[in-house]
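As a plain string of letters, each chain reads:
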Amino acid sequence: MTRLGKFSAMKNWRRQGWLGSLSLLLVLLLTAFEKADTIPFSTAQVAFLPAKGQAYFANKTAKNVKIFDTDNWKEIGEWKLDREVTGIALTKSHALVTSTYEQGFVNVFDLATQQLQHKIPVGMGATSPVLSPNGKTLYVCNQFANNVSVVDLGSFKEKAKIPAVREPFSADLSKDGRYLFVANFLPATRADLDTVTAVVTVIDTRKKKKIKDIALSNGSNALRTLKISPDGRFAFVVHNLGRHQVPTSQLEQGWMNTSALSVIDVKKQQYLATVLLDEPEYGAAGSWGIDFTDELIAVSHSGTHDVSFIQYNTFVEKLLKVENKETLAYNLQFLSGIRERRKVKGNGPRFISFWKGKLIAPTYFSDTLNFIDTKEPLQDTYLALNPDFKETEVRRGERLFNDARFCFQGWQSCNGCHPGEARTDGLNWDLLNDGIGNPKNVKSLVLSHKTPPAMISGIRADAEVAVRAGFRHIQFTTVREEYAKLVDSYLCSLKPLPSPYLEKGKLSKIALEGRKIFLEQNCNWCHSDEHYTDNEMHPIGEVEFKKGWNTPTLKEVWRTAPYLHDGRTATMQDLFKKDKHGLSRNLTKDEIEKLSIYVLSL
């Protein structure tokens, strides 16, 4: 129905009496259905129930779970939720669906009745649900609460929260269920160190306790998927690998960002090596999902829209023979001869899973379901899961932001330095826009269009200029102005998430006391107005630039560590301890904690 048709029906409502009421009801119903059809799925995870011939698609943007009959791939059911859906796990009797916004939940659906049975509160950012081998326990990564929930499936209650490091995003269990390996999305250290890397946390499930953190290769960030091989010997982690110690002067040979597969020895709980997924003249940007057969490793590359099939046994044999495994993080030819890359239909393959001899690869931005034959490319097929959805300007901009096809040789997209929905990668980069030798920390792009100038040095007049300069000088390409405006639209649409430091959406008692210190110390002189910035330049600490640094917004600052222009402080508490940052006096330990909690609550 056209907009004009809807308007006419509503205009004549009064004159048509009960018939008009019926017409108006029909208009509203059609509008609701029409709106639902325009929403993209954005599949985060798929779970299969072979006994019933069903596949369950957990769809992030659509906030639902779609159920398909795997014999004909027709939709046979849907569960709607009130928050973004991030993951799903199945038992014989229940579907366990994670969803999140300001609070995370495990939504328990009864498979027999198809009804929501329990809604279990866990932590903010709930994702990556993992079932224990006996099916009695569920582990959930709480990305923004920085911990892992342990949920008892007998009582359907959370029994424990185990600390991780920073943004636990993906996890898997050792084959005996004793150890949970957790991939932390971002580094948690200061960014001005020689080595900056995200870590994998190992949790003893019997003791419900973290026992160690395993550091990956220098520059590892955006740890997207962790999965243990079928033989149980190795944990594989798919992630970005940033060359943050060199100026961003070129892209060839993975000079800035590469995509990597890190390998951990499960028995020894030790880091083994990092292998590059890129080729010498063609990147594998946005590498995301991973799955296995006994013979193959499959990895999806969401930025270049393809998947890699790697011969597992040959890979392991070749890897173990390398004496100096540190060199593999720079070797673009290691996978030569043992890997095949295959293009997918659609845009942005993320989650992947083997199913009945084929690789199932739904695409995040086009809702296309690929069935990839591991042996014969001519047998590859696909179908449109959501053929009626309409791509908005914001959605197109998000797609372009994550698309590495615009980049020279496909090494990176905007997502390369701003993973996690345009936030920070936790690294310092020496950009050439203000000279060489002054690396600065990556800023979140949230509110960037509302808080000019752009960049911490204020070198770009506003975010619009910065977006276009980013394509030219970071991706070494030029894009049509239409595309740049679409990226602007996407970035303008981003809103800060509620802080996990809030209590029921409000400042805690400690935060309110911290606000008094914030005002007493005149922090609001620079961090003012609704975005907590005056958008001005100020000399803070040792200033390499005469005009100083641009005041960053404090909105969502809980998510943007490390702090200061060069990332020299890992936490907000360290900032006030080691760098007075304009304070008129030395604060006590208690005052520092209160002030930090307030700022982190914004």
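Basis of the calculations
- Residues numbered from 1 in each chain as written.
- Predicted model: local features only at pLDDT ≥ 70, side-chain atom pairs only at ≥ 80, totals over all residues.
- Heavy atoms only, no water.
- Helix = DSSP H or I, 4+ residues; strand = E, 2+ residues; numbered from the N terminus.
- Rg over C-alpha atoms; globule rule 2.2 N^0.38 Å.
- Buried < 20%, exposed > 50% of the residue type's maximum accessible area, 1.4 Å probe, protein only.
- Contact = heavy atoms within 4.5 Å.
- Areas by Shrake-Rupley, 256 points an atom, 1.4 Å probe, with all protein chains shown as cover.
- Lys, Arg positive; Asp, Glu negative; His and termini not counted.
- Charge placed at Lys NZ, Arg CZ, Asp CG, Glu CD.
- Expected span 1.5 Å × (residues − 1).
- Arc of directions from axis to C-beta.
- Pairing = 2+ DSSP bridges.
- Axes fitted to C-alpha atoms, helices over the stretch in contact; angles between N-to-C directions.
- 1 Å grid on protein atoms, 1.4 Å probe; cavity = no way out; pocket = protein on both sides within 12 Å on 5 of 7 lines; lining within 4 Å.
- Points joined across faces, edges and corners; volume = space filled by probe spheres on them.
- Nonpolar A, V, L, I, M, F, W, Y, C, P; charged D, E, K, R; others polar.
- Phe/Tyr/Trp six-rings, centres within 6.5 Å; stacked < 30°, edge-to-face > 60°.
- Lys NZ or Arg CZ within 6 Å of the ring centre and 35° of its normal.
- Core = buried A, V, L, I, M, F, W, Y, C linked by side-chain atoms within 4.5 Å.
- Salt bridge = Lys/Arg side-chain N within 4 Å of Asp/Glu carboxyl O.

J.: Where do I start with the overall build of the chain in this structure?
T.: Counting its secondary structure elements, the chain contains 10 helices and 32 strands. Taking 602 residues into account, the globule formula puts the C-alpha radius of gyration at 25 Å, and the chain, at 25 Å, falls close to it. In terms of overall dimensions, the chain has C-alpha extents of about 80 × 65 × 55 Å along its principal axes. When each of the 602 residues of the chain is scored for burial, the buried share is 58%. Residue pairs in contact within the chain that sit at least 24 positions apart in sequence constitute 51% of those at least 6 positions apart. Total accessible area computed for the chain in this model is approximately 26,600 Å², and 53% of it derives from carbon and sulfur atoms. Computed over 78 positive and 67 negative side-chain charges, the separation of the two mean positions in the chain equals 5 Å.

J.: In this structure, what is going on with helix 8 (residues 509-520)? I would like to understand it.
T.: Along an α-helix, residues three or four positions apart point the same way, because every turn accommodates 3.6 residues. Look at helix 8: 17 Å from first C-alpha to last across 12 residues, which is about the 16 Å you get at 1.5 Å a residue. Buried within helix 8 we find Ala511, Gly514, Ile517 and Phe518. For helix 8, the angular spread of the buried residues around the axis is 110°, confining them to a single face. Facing away from the buried side of helix 8, by more than 90 degrees, are the exposed residues Lys509 and Lys516.

J.: Sorry, what's going on with the sheet that holds strand 10 (residues 137-142) here?
T.: Strand pairing in a sheet takes place through backbone hydrogen bonds and is either antiparallel or parallel in direction. Strand order in this open sheet of four strands is 9-10-11-12, and the pairing throughout is antiparallel. Either end of the sheet is taken by a strand with one partner, and the two such strands are strand 9 (126-131) and strand 12 (157-163). Between one strand axis and the next, the sheet turns by 25° as a mean value, whatever way the strands run. Across six bridges, strand 10 lies against strand 11 (residues 147-152) in antiparallel orientation. Among the inter-strand pairings, Asn142 is bridged to a residue of strand 11, identified as Asn147.

J.: Help me understand empty space enclosed by the protein, please; the structure alone is not making it clear to me.
T.: Here the structure, examined in full by the defined rule, presents four cavities of 30 Å³ or more. Taken as a whole, the largest cavity encloses approximately 70 Å³ of empty space. Forming the walls of the largest cavity are Arg224, Asn240, Asn257, Thr258, Ser259, Ala285, Gly286, Trp411, Gln412, Ser413, Asn415 and Gly416. Of the residues that constitute the lining of the largest cavity, the class distribution is two nonpolar, nine polar and one charged.

J.: Please explain unusual backbone geometry as it appears in this structure.
T.: With an omega of 0°, the peptide bond between Pro452 and Pro453 qualifies as cis. Within the element layout of this structure, Pro453 appears in the loop between strand 30 (440-441) and helix 6 (463-473). With an omega of 0°, the peptide bond between Ala561 and Pro562 qualifies as cis. Its location among the elements puts Pro562 in the loop between strand 32 (549-550) and helix 9 (572-578). Backbone geometry at Gln114 places phi at a positive 65°, although glycine is not the residue there. Checked against the element boundaries, Gln114 lands in the loop between strand 7 (104-110) and strand 8 (115-121). Although it is not a glycine, Glu556 sits at a positive phi angle of roughly 60°. Following the sequence through the fold, Glu556 ends up in the loop between strand 32 and helix 9. Glu556 sits in the buried class, given a relative accessible area of 1%.

J.: Explanation requested: the packing of aromatic side chains in the structure shown.
T.: To describe a pair of aromatic rings, one takes the distance between the centres and the angle between the planes. Tallied over the entire structure, the rule returns 20 aromatic pairs. Measuring from ring centre to ring centre gives 4.2 Å for Trp79 and Phe109, while their planes differ by 0°; the resulting arrangement is stacked. Remark: Phe109 occurs in strand 7 and Trp79 occurs in strand 4 (residues 74-80); sequence separation between them is 30 residues. Ring geometry for Phe315 against Phe334: centres 5.8 Å apart, planes inclined by 85°, an arrangement best described as edge-to-face. Within this pair, whereas Phe315 is found in helix 3 (residues 312-321), its partner Phe334 is found in the loop between helix 3 and strand 24 (339-343), the two being separated by 19 residues in sequence. Under the relative-accessibility criterion, Phe315 is labelled buried at 0%. Ring pairs connect the aromatic residues Phe48, Phe57, Phe68, Trp73, Trp355 and Phe371, which therefore count as one cluster. Against the face of Phe105 rests Lys119, its NZ or CZ located 4.7 Å from the ring centre. Looking at Lys318, its charged tip hangs above the ring of Phe334, at a distance of 4.8 Å from the centre.

J.: Just checking my understanding: could you explain helix 7 (residues 481-493) for this structure?
T.: Counted at 1.5 Å a residue, the expected span for helix 7 with its 13 residues is 18 Å, and the 18 Å between its end C-alpha atoms agrees. Buried within helix 7 we find Tyr483, Ala484, Leu486, Val487, Asp488, Tyr490 and Leu491. Packing partners of the buried residues in helix 7 comprise helix 4 (393-401), helix 5 (419-422) and helix 6.

J.: Sorry if this is basic, but what is going on with the nonpolar core here?
T.: As a rule of thumb, soluble globular proteins bury nonpolar side chains together. Formed by 25 residues in total, the largest nonpolar core has its most connected members in Phe518, Val557, Tyr563, Met572, Phe576, Leu595 and Val599. Sorting the residues of this core by element identifies helix 8, helix 9 and helix 10 (589-600) as the ones contributing at least two each. The greatest single-element share of this core, amounting to six residues, is contributed by helix 10. Contacts of Phe518, omitting those with residues within four sequence positions, involve Cys523, Asn524, His527, Tyr532, Leu554, Leu595, Tyr598 and Val599. Ranked by size, the runner-up nonpolar core spans 22 residues in total, among them Leu277, Tyr312, Leu335 and Ile338.

J.: Sorry if this is basic, but what is going on with the pattern of salt bridges here?
T.: For side chains of opposite charge, pairing can occur when their charged atoms come near one another. Counted under the stated rule, the structure contains 32 salt bridges. With a closest N to O distance of 2.7 Å, Lys227 and Asp291 form a salt bridge. Of this pair, Lys227 sits in strand 17 (residues 220-228) while Asp291 sits in strand 21 (residues 287-292); the two residues are 64 residues apart in sequence, bridging distant segments of the chain. When its relative accessible area of 8% is taken as the criterion, Asp291 is described as buried. Because the salt bridges share partners, they merge into one network encompassing Asp82, Arg83, Glu102 and Lys119.

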